[in-house]
Amino acid sequence: MTSKIKSGPVLFDLDDTDDVTPSTAPPVPELDVTPTPAAMQRMASLAAKRPNRLARWFWGLLVSLIGFLIGVAAWDFVFGLLDRSPILGWVAIVLTGLFCGVLLLITLREMAAFGRLRRVDRIQNGAAEALIDHNLAHAREVTGQITALYRRRDDTRWGRQAFGEKQGAVLDADALLGLAETTILAPLDARARLEVEAAARKVATVTAIVPLALADVFTALTANMAMIRRIAEIYEGRSGTLGTWRLTKQVLSHLVATGAVAVGDDLIGSIAGGGVLSKVSRRFGEGVINGALTARVGVAAMEVCRPLAFTAEPKPSVTSLVKRSLTGLFGLTSKDH
């Protein structure tokens, strides 16, 4: 006896799918192709991070111990050599004295650098107080300090002369500080913008081209520190090695505290260009964003190192700096921004 197999369509009953149509179906999620500024965020976090008290004690005691051991070893070596051979002993004493003299000069140079940074800070605070109080006498004192700060600079000679000719006719504190800003500081602002553009171009190029791990972070850190140091030199706040590191930490700490090391409204144009490039290469898109954030660090450095705040002169736009520095680098044009 054989069984008959019924042939025909087989229906599957699916629950809760009767109302699903192409028009009511949920949209397909899109992948986020916007590049992230990973290198700049890591660089800012590393540079702005403050070590805890235990770590400071550890490194301080370690440096002191190593210095003490080196000093004792040098003392024993020099005087032991002096007992064995007086001529060689005196040579060692002279060389040690010269080395200590160089160390003293380096120390004095670092102290002078910190003094210049404090001088710029005092001018900034005095200018802010003069603007708040509308005190003309205080404003004239601040402009006198600015003129004295740049009295040995040939590139500010024309600006100082123009300010000296016009300051007598100004009877308002705001206008007097604005005149000093437009005549003396405007040429320095142009040079500082060029430094920011060069640093942004370098960081973007290395991020896009070099595939090595942490190479972009190292480049971002060194390029930003060099940029901050040159900006400080432009505004007569020349800093040594320790002063540059302190200034870098000050700038980056401000950016991290305010959340500025992120993609914001002033980087919309850069994000557009980075998004287009990221569809071709993620590294190119991240390079554009890292370059834009380097420009933001440069603007913050200008605000920190500049004797006067941006009032009469407009603060440099991050988008315009990125446009000038990266146009043509990755095939970008002004339409991309």
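The structure contained in this document is the topic of the report that follows.

Rules behind the numbers
Residues numbered from 1 in each chain as written. Predicted model: local features only at pLDDT ≥ 70, side-chain atom pairs only at ≥ 80, totals over all residues. Heavy atoms only, no water. Phe/Tyr/Trp six-rings, centres within 6.5 Å; stacked < 30°, edge-to-face > 60°. Buried < 20%, exposed > 50% of the residue type's maximum accessible area, 1.4 Å probe, protein only. Helix = DSSP H or I, 4+ residues; strand = E, 2+ residues; numbered from the N terminus. Lys NZ or Arg CZ within 6 Å of the ring centre and 35° of its normal. Arc of directions from axis to C-beta. Contact = heavy atoms within 4.5 Å. Polar contact = N/O pair within 3.5 Å; in protein donor to acceptor, adjacent residues only side chain to side chain. Salt bridge = Lys/Arg side-chain N within 4 Å of Asp/Glu carboxyl O.

**Regarding the packing of aromatic side chains**
Applying the stated criterion across every chain yields a total of 2 aromatic pairs. When the ring of F58 is compared with that of W59, the centres are 5.1 Å apart and the planes differ by 75°; the resulting orientation is edge-to-face. Given a relative accessible area of 53%, W59 falls into the exposed group. Judged by centre distance (4.4 Å) and plane angle (35°), the ring pair of W75 and F79 falls under tilted. Of this pair, W75 and F79 both sit in helix α2 (residues 53–84), 4 residues apart, roughly one helical turn. Looking at W75, the relative accessible area reads 56%, which means it is exposed. The lysine or arginine in question, R306, covers the ring of F310, its NZ or CZ lying 4.0 Å from the ring centre.

**Thoughts on unusual backbone geometry**
Positive phi is not limited to glycine here, since H134 has a value of about 55°. With respect to the helices and strands, the residue H134 is situated in the loop between α3 (86–133) and α4 (136–149). Judged by relative accessible area, H134 falls into the exposed class, the value being 53%.

**Some thoughts on helix α5 (residues 157–166)**
Within the sequence span of α5, burial applies to G159, R160, A162 and F163. In a view along the axis of α5, the buried residues occupy a sector of 165°, so they form one face of it. Of the residues in α5, the exposed ones pointing more than 90 degrees away from the buried face are W158 and E165. Those residues of α5 hidden inside the fold are in contact with α4 and α6 (173–209).

**Focus on helix α11 (residues 318–326)**
When α11 is considered as a whole, its buried residues turn out to be V318, T319, L321, V322, S325 and L326. Buried residues of α11 fall within an arc of 160° about the axis and therefore sit on the same side. For α11, the N-terminal capping position is held by S317, with its side-chain oxygen 3.4 Å away from the main-chain nitrogen of T319.

**Considering the pattern of salt bridges**
This model, assessed by the stated rule, comprises 9 salt bridges. Measuring nitrogen to oxygen at the nearest pair gives 2.6 Å for the salt bridge that ties D155 to R191. Residue D155 is located in the loop between α4 and α5, and its partner R191 is located in helix α6; the two are separated by 36 residues in the primary sequence. Assessed through its relative accessible area of 37%, D155 is described here as partly exposed. Ionic pairing is found between D189 and R306, a salt bridge with its closest N-O pair at 2.7 Å. Taken together, the residues span a long stretch of sequence, with D189 in helix α6 and R306 in the loop between α10 (282–305) and α11 at a distance of 117 residues. No difference in accessibility class separates D189 from R306, as the two residues are buried. Salt bridges linked by common partners bring R153, D155 and R191 together as one network.

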